[in-house]
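Architecture at a glance
The primary structure of each chain is shown beneath.
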Amino acid sequence: MNFEYFISKRLVTKSDYKSSISAPIIKIAISAIAIGVVMMFIAIATGFGLQEKIREKIAAFNGHIVINNFTNNQATITQNPVSTQQEFYPSFTSIPEIEHIQKVATKYGIIRTETDFEGIVVKGVDEQYRWEYLEEFLVDGVLPVFDESISREVLISDYLAKRLGFKTGDKLIVYFLREDQDRLPRSVGLTISGIFDSGFKEFDETYIIADLKQIQRLNDWSANEIGQFELFVEDFDDIQEVGYKVYEEVDSFLNASTIVELYPSIFEWLKMFDFNIILIIGIMILVAGINMMTALLVLILERTQMIGILKALGSSDWSIRKIFLYNAGFLIFKGLFWGNLIGIGLLLIQKYFKVIPLNPETYYVSEAPIYLSLDYILIINFGTLLLCLLMLLIPSVIIVKISPVKAMKFE
């Protein structure tokens, strides 16, 4: 049996251990580790969760990379069509990081009711559109079905539905301006098949989702003419690199922009979360380490006579240091256990019951999103254990300076 581990275990399980002078300090050290782990879990889970959720919402309405005409660059609506007869469509085989490509078109319109009107952007999509994002945002009704015929079904946001007094199944009339401004606007009757709420006010107050063939008909485009292509990448972390590749691959009259370039202020704001997460983790580990160093010093001073006896019997300084490091390791494990239990429990409660709301006008989400991953849970646990043990090597040096003769006389 390992001698140091055996002595350490006896110290931990000794009956007077919990009533010793060091007991309150040990409890504080364990609590500091547990609280630190909980705070690190919350910081990472909410920080990464918010980043992921906002990226998903922007991608739901724009994709990850947008390919359009240079004349349409940074424009909300399509000004000049793009031909679908491109080498990269329907699959971008030259860039394997692209997992999906879809065609869309947008057009300004005005919804008119008996008492009110609202300017909107009608986004035309087809059956290849990536519906899983909008399906997640759906709060009433069903997704529209687009097939070979021109569909009159549309998705409208909960914001617009409440503002204009619409509900699922209602008819609405959208007016579109003609190129010849002397002619009356063109009206199209549509039916609301579903209502979505993305929580992203900038999009919810702007877009309704309709059939791409409606936009093509209104613009007098052929079936091979669209507004733009939207591309999705496999790993969002590679979006900038993939965006450069796409730009180099497309024809010279086409432009490729990532959503990071289209919404720079939002993504600069999201980058701040990375710094905040690192800062919180650093502070929590430092606080936990200092508390453990204090606890270890008290444990060493409390066992000064034992240290003197062990040295007199021939134990090396490193052997005695290992006894106290094992002891401290037990306390760290105890703190990690309670920290994991409380931290993961709180995250699961928020993930499934959404008890903590957020202001969507500020954070673009209505509740604190939670990102759960075994990777960061293991990294936090092993990282905290390793860094705390490394920090504990410093106070354990005091054992080297303890004289066996003076230690055995120590009261």
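The following refers to the structure shown.

Overview of the overall build of the protein
Secondary structure summary: the protein contains 14 helices and twelve strands in total. Based on the C-alpha atoms only, the size of the protein along its principal axes is roughly 105 × 45 × 30 Å. A total of 411 residues make up the protein; the buried ones form 48% of that total. Of the roughly 21200 Å² that the protein leaves accessible, carbon and sulfur atoms contribute 59%. Charge centroids of the protein, computed over 36 positive and 49 negative side chains, lie 14 Å from each other.

Thoughts on the pattern of salt bridges
Scanning all chains against the criterion turns up 13 salt bridges. Linked through salt bridges whose partners overlap, the residues forming this network are Lys 53, Glu 56 and Glu 136.

Comments concerning the packing of aromatic side chains
Overall, the coordinates contain 21 aromatic pairs when judged by the stated rule. Seen from their ring centres, Trp 269 and Phe 273 are 5.2 Å apart, and the 80° between their planes marks the pair as edge-to-face. Highlighted residues: Trp 269 and Phe 273, both in helix α9 (residues 264–302), separated by four residues, approximately one helical turn. Note on Phe 273: relative accessible area 16%, which makes it buried. With 5.3 Å between their ring centres and 75° between their planes, Phe 337 and Trp 338 make a pair best called edge-to-face. The class of Trp 338 is partly exposed, set by a relative accessible area of 41%. In this structure, Arg 130 is placed above the aromatic ring of Phe 232, and the distance from its NZ or CZ to the ring centre is 4.6 Å.

Details of the layout of surface pockets
In this structure, the largest pocket encloses a volume near 620 Å³. Taken together, 20 residues line the largest pocket, and the ones lying closest to its centre are Lys 107, Leu 177, Arg 178, Glu 179 and Asn 219. For the lining of the largest pocket, the elements supplying multiple residues, two or more each, are β3 (98–112) and β7 (171–176). Considering each element in turn, the lining of the largest pocket owes the most residues, five residues, to β3.

A look at helix α11 (residues 317–353)
The terminal C-alpha atoms of α11 lie 53 Å apart, and with 37 residues this matches the ideal 54 Å at 1.5 Å per residue to within 8%. Positive phi appears at Lys 354, one or two residues downstream of α11, with a value of about 50°.

Description of the packing of α11 against helix α13 (residues 374–392)
Contact pair α11 / α13: the axes reach a minimum separation of 10 Å and the direction vectors enclose 150°. By the angle between their axes, α11 is roughly antiparallel relative to α13. For the crossing formed where α11 meets α13, the hand is right-handed. Mapping the contact onto sequence places Leu 325, Ala 328, Gly 329, Ile 332, Phe 333, Leu 336, Asn 340, Ile 344 and Leu 347 in α11 and Tyr 376, Ile 377, Asn 381, Thr 384, Leu 385, Cys 388, Leu 389 and Leu 392 in α13. When grouped by side-chain class, the residues that make up the contact of α11 with α13 number 13 nonpolar, four polar and no charged.

Notes on empty space enclosed by the protein
What the rule picks out here adds up to one cavity of 30 Å³ or more. Reported here for the largest cavity is a volume of approximately 40 Å³. Lining the largest cavity, in full, are Val 122, Phe 176, Val 188, Leu 190, Ala 210, Gln 214, Ile 215 and Leu 218. Counting only elements with at least two residues in the lining of the largest cavity, the list comes to β8 (186–196) and α6 (212–218). The dominant element in the lining of the largest cavity, judged by the number of residues it contributes, is α6, at three residues. Considering only residue class, the lining of the largest cavity consists of seven nonpolar, one polar and no charged.

A word on the environment of Ile 195
Here Ile 195 is to be found in strand β8. For the pair Ile 195 and Thr 168, spaced 27 residues apart in sequence, the C-alpha separation works out to 6.7 Å. With residues near it in sequence (within four places) discarded, Ile 195 still touches Phe 137, Leu 138, Val 139, Asp 140, Leu 155, Ile 156, Ser 157, Asp 158, Ala 161, Phe 166, Lys 167 and Thr 168.

A few points about the nonpolar core
One broad trend across soluble globular proteins is that nonpolar side chains are buried collectively. Counting residues in each nonpolar core, the largest one holds 75 residues, and the members touching the most others are Ile 67, Ile 156 and Val 246. Ranked by residue count, the leading element in this core is helix α2 (residues 23–62), at six residues. Judged by nonpolar contacts, the second largest core, of 38 residues, contains Ala 45, Ile 300, Leu 310 and Leu 325.

Thoughts on a nonpolar patch on the surface
On the surface, a cluster of nonpolar side chains totalling about 1200 Å² of accessible area is made up of Phe 337, Trp 338, Leu 341, Ile 342, Leu 346, Leu 348, Ile 349, Tyr 352, Phe 353, Val 355, Ile 356 and Leu 372. Along the chain, Phe 353 turns up in helix α11. With relative accessibility at 61%, the residue Phe 353 sits in the exposed group.

Notes on the pairing of strand β12 (residues 254–258)
Most of β12 sits out of view: five of its five residues are buried. Burial of β12 is two-sided: the residues Leu 254, Ala 256 and Thr 258 facing one way and the residues Asn 255 and Ser 257 facing the other way are all buried. Two strands pair when backbone bridges link them, and strand β1 (residues 65–69) and β12 are joined in this way by five bridges, in the antiparallel orientation. Note that in β12 the partner of Ile 65 across the bridge is Thr 258.

What to know about a negative patch on the surface
Together, Glu 87, Glu 248, Glu 249 and Asp 251 make up a region of like negative charge exposed at the surface. If you trace the backbone, Glu 248 turns up in helix α7 (residues 239–249).

Quick notes on the rules
- Numbers given for residues are sequential positions, taken from 1 along each chain in its written order.
- Local features in a predicted model are, by the rule used here, given only for residues with pLDDT of at least 70; side-chain atom pairs are given and counted only at 80 or more, and totals for whole chains, interfaces and linings are based on all residues.
- Calculated side-chain values reflect all of the structure's heavy atoms, with hydrogen atoms and water omitted.
- We count a stretch as a helix when DSSP gives it H or I for four or more residues in a row; a strand needs E for two or more, and each element gets its number in order from the N terminus.
- Think of it in three bands: with a 1.4 Å probe and only protein chains considered, a residue is buried below 20% of the maximum accessible area for its type, exposed above 50%, and partly exposed in between.
- The Shrake-Rupley method, run with a 1.4 Å probe sphere, supplies the accessible areas, and residue values consider only the shown protein chains as cover.
- Positive: Lys, Arg. Negative: Asp, Glu. His and the chain ends are not part of the count.
- Charged groups are reduced to one reference atom each: NZ for lysine, CZ for arginine, CG for aspartic acid, CD for glutamic acid.
- In what follows, salt bridge is the name for a side-chain nitrogen of Lys or Arg lying within 4 Å of a carboxyl oxygen of Asp or Glu.
- Side-chain rings of Phe, Tyr and Trp (the six-membered ring for Trp) are treated as a pair once their centres are within 6.5 Å; stacked means planes under 30 degrees apart, edge-to-face means over 60, and tilted covers the remaining angles.
- Distance and angle both matter: a charge sits over a ring if NZ of Lys or CZ of Arg is within 6 Å of the ring centre and within 35 degrees of the ring normal.
- Both cavities and pockets are sets of points on a 1 Å grid over the protein atoms alone; in a cavity a 1.4 Å probe fits but cannot get out, in a pocket the set is open with protein on both sides within 12 Å along at least five of seven lines, and lining residues sit with an atom within 4 Å of a point.
- Grid points are joined across faces, edges and corners, and a volume is the space filled by probe spheres set on the points.
- By this rule, a helix spans an expected 1.5 Å times one less than how many residues it contains.
- Note on geometry: axes are lines fitted to C-alpha atoms, helical ones only across the stretch in contact, with angles between N-to-C directions running from 0 to 180 degrees.
- By the definition adopted for this analysis, an angle is roughly parallel if under 35 degrees, roughly antiparallel if over 145, roughly perpendicular if from 65 to 115, and oblique otherwise.
- If you view the pair so one helix is near and one far, a crossing is left-handed when the near helix is turned anticlockwise from the far one by less than a right angle, and right-handed when it is turned clockwise.
- Contacts are residue-level and defined by heavy atoms, with any inter-residue pair within 4.5 Å sufficient.
- All residues other than Ala, Val, Leu, Ile, Met, Phe, Trp, Tyr, Cys, Pro, Asp, Glu, Lys and Arg, Gly among them, are scored as polar; the first ten of these are nonpolar and the last four charged.
- By convention a nonpolar core is built from buried Ala, Val, Leu, Ile, Met, Phe, Trp, Tyr and Cys residues, the set being connected through side-chain atoms within 4.5 Å.
- Patches here are clusters of residues that have more than 30% relative accessible area and form no salt bridge, with a 9 Å joining cutoff for like charges and a 5 Å cutoff for nonpolar side chains (Val, Leu, Ile, Met, Phe, Trp, Tyr).
- The pairing criterion is simple: DSSP has to find at least two bridges between the two strands.

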